[in-house]
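# Chain and residue survey
Below, each chain spelled out in residue letters.
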Amino acid sequence: MGLTLFCVIALVAGTLAGPIQEVKIADKCAKQCTVSNQFNYEPGTTYEFNYETELRTAVQGASEDHAGIHMKSTAYLDFISKCEMVLRFSNVKLMEHDPETSSMKPVTSELVAELERNPLTVSFQDGNVEELCLSKPETDEVLNIKRGLLSLIQNNMDDINQDQTVTENVQSLPLVKSTHDCEQELSKDKGQIQRAMCQERHTFAPFSRLESGAITLNTQTLTFVKEFRSRTKPVMITQRAPIQFQQDIDNNEQTLMKDVERKLMEICDNTQNGVTETTPQLFSSLVKIMKAMNSRDLSIVYENIKKRQICSSNNDRVK
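Predicted, not measured: the structure shown is a model, and the values here were computed from it.

The next thing to look at is the confidence of the model for the chain. For the chain, per-residue confidence averages 78 on the pLDDT scale, and 75% of positions sit at 70 or higher. In this model residues 1–26 is a low-confidence stretch, pLDDT under 50, and it forms 78 contacts with partners more than four residues away in sequence or in other chains.

What follows is the structure, encoded as structure tokens:
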């Protein structure tokens, strides 16, 4: 399966991504340090977590089969100072669900080595991930996975000692209905993350009716394991990047229209007999293209779908 599977997470992270900036090697990551002190992560301490993420795609109502990929790893947050930490991955394991055998099987991918290779320095402003600082260039796929984990530790609550429900208006795309729910459990004595879980559900409207149809479900879980003293040294910084997810898409309007129609046809052909191993990748690629399109062009595509001008060979998929 392609590495673009993980890019579906970008739906929830927003579209304010900016370019990576070159900086002097000796610069610190945190350009400032807030006086706020709700989250008492201690400098010179490493916090170990279990991190799992799963992406599952199914065409519900057509069959019970689904395709998906599961990643499990150990993640370390090394706090160099109050406002600066280093994220490291180890023991990364990838598994994919084979819809033909209904079983999980290991995946051999360069992604595993890439995730474990380079630590990522982070400007952490008492619950807010302000900026990412790279020691070496990273692919968008690798950096977006690291962004996904970091999104689990973000918390902008006014008072972490009180239970609070925070609502953020996530704007769905015209062709995709999306929901995003997150929960965090914090230790009462230090205000540190004990467990965090986020679940995103994306329903592709033209292929769906009520709760059935083409659905992609992404789940992330971060569970605290232990903390220990460490002597992590600051990592050399060569580039800065935003916390928002990055997308490498040609923004030419005519090209985007052709690309999204071509991708829709691929999905129709791919799902005639249910989902396959490549179905999640196709839906993820479709979402990436649609996020770069304007509302007018998306509406045109939607009307063409309803008129059966797209996906005419698989009308059962279009509701």
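The next thing to look at is the nonpolar core. Across soluble globular proteins, nonpolar side chains have a tendency to be buried as a group. By size, the foremost hydrophobic cluster in this structure holds 37 residues, and its most contacted members are Phe89, Leu132 and Leu150. Within the residue set of this core, elements represented by two or more residues are strand 2 (45–60), strand 3 (67–81), strand 4 (84–98), helix 2 (110–117), strand 6 (120–125), strand 7 (128–134), helix 3 (140–153) and strand 9 (193–204). Element by element, the count of residues in this core is highest for helix 3, at seven residues. For Leu132, the residues in contact, after removing those within four places along its chain, are Cys29, Leu120, Thr121, Val122, Leu143, Arg147, Leu150, Gln239, Arg240, Ala241, Pro242 and Ile243. Counting 21 residues, the second largest nonpolar core, distinct from the first, contains Val176, Phe204, Cys268 and Val301.

Quick look at the packing of helix 4 (residues 253–270) against helix 6 (residues 295–306) now. One way to put it is that helix 4 packs onto helix 6 with a least axis distance of 11 Å and a crossing angle of 35°. In the crossing of helix 4 with helix 6, the sense of the turn from one axis to the other is right-handed. The residues of helix 6 that touch helix 4, namely those facing Glu253, Met257, Val260, Glu261 and Leu264, are Arg296, Asp297, Ile300, Val301, Asn304 and Ile305. Here the residues of the contact of helix 4 with helix 6 sort into six nonpolar, one polar and four charged.

One non-glycine residue, Asn91, lies in positive phi territory at about 55°. If you trace the backbone, Asn91 turns up in strand 4. Despite not being glycine, Asp126 has its phi angle at roughly 50°, a positive value. Along the chain, Asp126 falls in the loop between strand 6 and strand 7.

This part covers the packing of helix 2 against helix 3. Viewed as axis vectors pointing N to C, helix 2 and helix 3 meet at an angle of 60°, and their least axial separation amounts to 10 Å. Regarding the angle of helix 2 to helix 3, the classification is oblique. Here the hand of the crossing between helix 2 and helix 3 comes out right-handed. Two secondary-structure elements touch here, helix 2 through Leu111, Glu114 and Leu115 and helix 3 through Val142, Ile145 and Lys146.

The rules behind these values
Residues numbered from 1 in each chain as written. Predicted model: local features only at pLDDT ≥ 70, side-chain atom pairs only at ≥ 80, totals over all residues. Heavy atoms only, no water. pLDDT = per-residue confidence, 0-100. Contact = heavy atoms within 4.5 Å. Core = buried A, V, L, I, M, F, W, Y, C linked by side-chain atoms within 4.5 Å. Buried < 20%, exposed > 50% of the residue type's maximum accessible area, 1.4 Å probe, protein only. Helix = DSSP H or I, 4+ residues; strand = E, 2+ residues; numbered from the N terminus. Axes fitted to C-alpha atoms, helices over the stretch in contact; angles between N-to-C directions. Left-handed = near helix turned anticlockwise from the far one by under 90°. Nonpolar A, V, L, I, M, F, W, Y, C, P; charged D, E, K, R; others polar. Parallel < 35°, antiparallel > 145°, perpendicular 65-115°, else oblique.

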